[in-house]
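The lines below spell out each chain.
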Amino acid sequence: MAFEPVREMKKLNYEELRIYSDAELKNYTEEELKSFKCKYEIPKLDELEKGPWPSFVSDAKQEALRRRKLSDDQILTHRDAVEDLLGQLELSFDEGETHWKHGGIVGVFGYGGGVIGRYSDLAEKYPSIAMFHTIRVNQPASKFYSTDFLKTICDMWEYRGSGLMNLHGSTGDLVLLGTTTEQLEPIFYELGHVLDTDIGGSGSNLRTPACCIGKARCEYACYDTQALCYELTNYYQDELHRPAFPYKFKFKFDGCPNGCVASIARSDMSFIGTWRDDIRIDQDAVKAYIAGDIVPNAGAHKGRDWGKFDIQKEVIDLCPSKCMSLEGDQLVIDNSECVRCMHCINTMPKALKPGVDTGISILLGAKAPILDGAQMATLMIPFMKAEAPYDNIKEFVEKVWEFWMEEGKNRERLGELMQRVTLPKFIETIGLPPAPQMVKAPRSNPYIFWKEEDVKGGWNRDINDYRSRHKR
Amino acid sequence: MIEEIKKAIVDFAEGSKKTKFYFKDMESAVQKVVPGAKMRDVKKAATALVNEEVLIYFSTGSSTMYGLKGRGMTEDPTEGTD
Ligand code: HEM
Ligand code: HEM
Ligand code: SF4
Ligand code: SF4
């Protein structure tokens, strides 16, 4: 089934929606910028501008300067917000302590997430950032924006917020940094009714799902990551906005095991594209790589001379399951041993491709180290098809949620719950048969134990009979 | 049933010493009074109460709680992580 949007997105026209003229957006000269002095002394922050990389301090200074020069009717919140932010940050660097408080009842009506209240605990010293709330904006799948959208949201945020934003936060969202409580509803209106988008997740909600670029640009994609991300975002709107989970829950979608959104480490439920048939081999292209006619790694490392490509050393010997060999000039892969690491495919993309019977693996339970250590996800479903309308996937999602919502303690992540109840109990409850792929290393994640009813004939034995042959 | 659950939520919220509580605690309190109430029903009722401006959300950024509007809940932020 081809991808179908729930409805077409509104076409935005920046020229109609813009708040500022070009001259107002570039209302200072390079000279003025060079001689710009923040109203606080910020030597430590100035230092950050000196390295080889662009610094957020330089960006913030440009924004501070622009805000100094905009007229009063061109900004609805505090003109000095950026300068106060820099001042407070410098102080935090001096003291090694944060001055931000966060949380509270701020939010937009009817939504339990997406807005994170943020306050300075030095409101008297830095009044312009006394309130500096964060808004998470649900980014489009793979972050494809139109310039009309980006320019419009920038103008809106200059007008109603601090002008500072983060593209993108670690959550995946486009993050608007710093506004006051009274601006929240107007901003929500602009986002929903003008920009035709939605705010993202925070709190005990489904968080904004995120996917790799997938089939839009990448020939490795084993399923349409954008379509699945879009579908689940829309289908689970209620979970995104109305908190009833024990804690946060994240979906992330990688099109193949290269894992460009690192779903295996960053999401409670990680979807990774895979295939269950054989890697496709073009033997002529293999020969061309060996002969040096095609640059390996699609030219990714060609900035330096690595010598002649050596298929034995660079591909076959590096295969983690040692399942490749050259027979004559034919490359042979024992696909039953392949662990889909992608190394050979990445090295010789013209010669090797993922199979054609593609789908997803689902992994559960990754999390950051707030409790215990950081944890990678555990493989739960080695293979499942991923085709619209994705009923099989939704069914699985809901089974997992049901168990977590029933058994999870307040503020317990799925990964912690899985550890607490143990893997055997967990898979039994959600109805998955144990599979060898679930066991990463026998000593570091649990064995599967057989139960009597799983074993033909059971294991009833006569203990007295046994003792007659084996002394205590 | 939804009205019954709504009442149970408000009774729990009014009777609780705490001004804010987790969904799970609200859910178990409701289920003591309305044994047939499923999680989904409690969520629907809570959403309705939010829309009626009886309940409000309280969020630390990382987790979310519920509270009665106007009862000890201020814009006060707390510690926590996003
Ligand atoms: C040998 C030293 C280091 C290694 C091997 C290392 C490695 C890494 C890796 C693998 C990541 C993840 C990148 C990704 O998400 O794709 C990362 C992220 C990061 N590292 Fe390092 N790092 C080193 C030193 C440092 C130092 C000295 C700093 C700070 C002064 C730093 C700051 C960060 C930050 C802020 C991120 C997160 C960036 C983001 O979320 O976009 N790292 N580092
Ligand atoms: C030269 C002889 C042996 C060597 C090198 C050896 C080595 C090992 C090693 C490396 C482990 C894994 C330890 C771990 O990962 O925690 C192990 C576990 C074990 N070995 Fe041996 N072993 C030997 C003889 C034996 C014998 C003769 C027995 C029984 C009579 C035995 C019973 C066990 C048991 C029951 C375990 C599992 C312990 C557990 O569940 O934690 N081993 N052995
Ligand atoms: S995860 Fe795989 S499919 Fe997605 S962009 Fe990266 S390489 Fe391509
Ligand atoms: S994908 Fe990885 S495991 Fe599979 S054959 Fe290639 S190198 Fe070996």
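Residues numbered from 1 in each chain as written. Chains lettered and ligands numbered in written order. Predicted model: local features only at pLDDT ≥ 70, side-chain atom pairs only at ≥ 80, totals over all residues. Heavy atoms only, no water.

An unreviewed UniProt entry lists chain B under the name Dissimilatory sulfite reductase clustered protein DsrD, from Desulfocucumis palustris.

As recorded in an unreviewed UniProt entry, chain A goes by the name Dissimilatory sulfite reductase alpha subunit, listed as coming from Desulfocucumis palustris.

Engineer: Residue-level account of the interface of chain B and chain A, with values.
Structural biologist: Across the boundary between the two partners, chain B contributes 30 residues, which contact 37 residues of chain A. Across the interface of chain B and chain A, roughly 2800 Å² is buried in total on both sides, 50% from carbon and sulfur atoms. Residue Arg40 of chain B pairs with Glu239 of chain A through a salt bridge whose shortest N-O separation is 3.3 Å. Viewed at the interface, chain A and chain B are joined by 15 residue pairs in polar contact (both at pLDDT 80 or more). Among the secondary structure elements, those contributing two or more residues to the side of chain B that touches chain A are helix 2 (23–33), helix 3 (39–51), strand 2 (55–59) and strand 3 (64–68) of chain B. With six residues, the single largest contributor to the side of chain B that touches chain A is helix 3 of chain B. A breakdown of the residues in the side of chain B that touches chain A according to their chemical character gives 10 nonpolar, 12 polar and eight charged. (Contact = heavy atoms within 4.5 Å. Buried area = accessible area lost by both parts, 1.4 Å probe. Salt bridge = Lys/Arg side-chain N within 4 Å of Asp/Glu carboxyl O. Polar contact = N/O pair within 3.5 Å; in protein donor to acceptor, adjacent residues only side chain to side chain. Helix = DSSP H or I, 4+ residues; strand = E, 2+ residues; numbered from the N terminus. Nonpolar A, V, L, I, M, F, W, Y, C, P; charged D, E, K, R; others polar.)

Engineer: Can you tell me about a negative patch on the surface, naming the residues and giving the values?
Structural biologist: Residues Asp391, Glu395, Glu398, Glu402, Glu406 and Glu407 of chain A make up a contiguous surface patch of negative charge. By the element assignment, Asp391 of chain A lies in helix 15 (residues 391–407). (Patch = residues over 30% accessible without salt bridge, like charges linked within 9 Å, V, L, I, M, F, W, Y side chains within 5 Å. Areas by Shrake-Rupley, 256 points an atom, 1.4 Å probe, with all protein chains shown as cover. Lys, Arg positive; Asp, Glu negative; His and termini not counted. Charge placed at Lys NZ, Arg CZ, Asp CG, Glu CD.)

Engineer: Can you tell me about helix 17 (residues 423–430) of chain A, naming the residues and giving the values?
Structural biologist: All names here are of chain A. Among the residues of helix 17, Leu423, Phe426, Ile427 and Ile430 are the ones counted as buried. Projection of helix 17 onto a plane perpendicular to its axis shows the buried side chains occupying an angular sector of 90°, all on one side. Summarising the contacts, the buried residues of helix 17 are in contact with strand 14 (358–364), strand 15 (378–384), helix 15 and helix 16 (414–421). Backbone geometry just after helix 17 places Gly431 at a positive phi near 80°. (Buried < 20%, exposed > 50% of the residue type's maximum accessible area, 1.4 Å probe, protein only. Arc of directions from axis to C-beta.)

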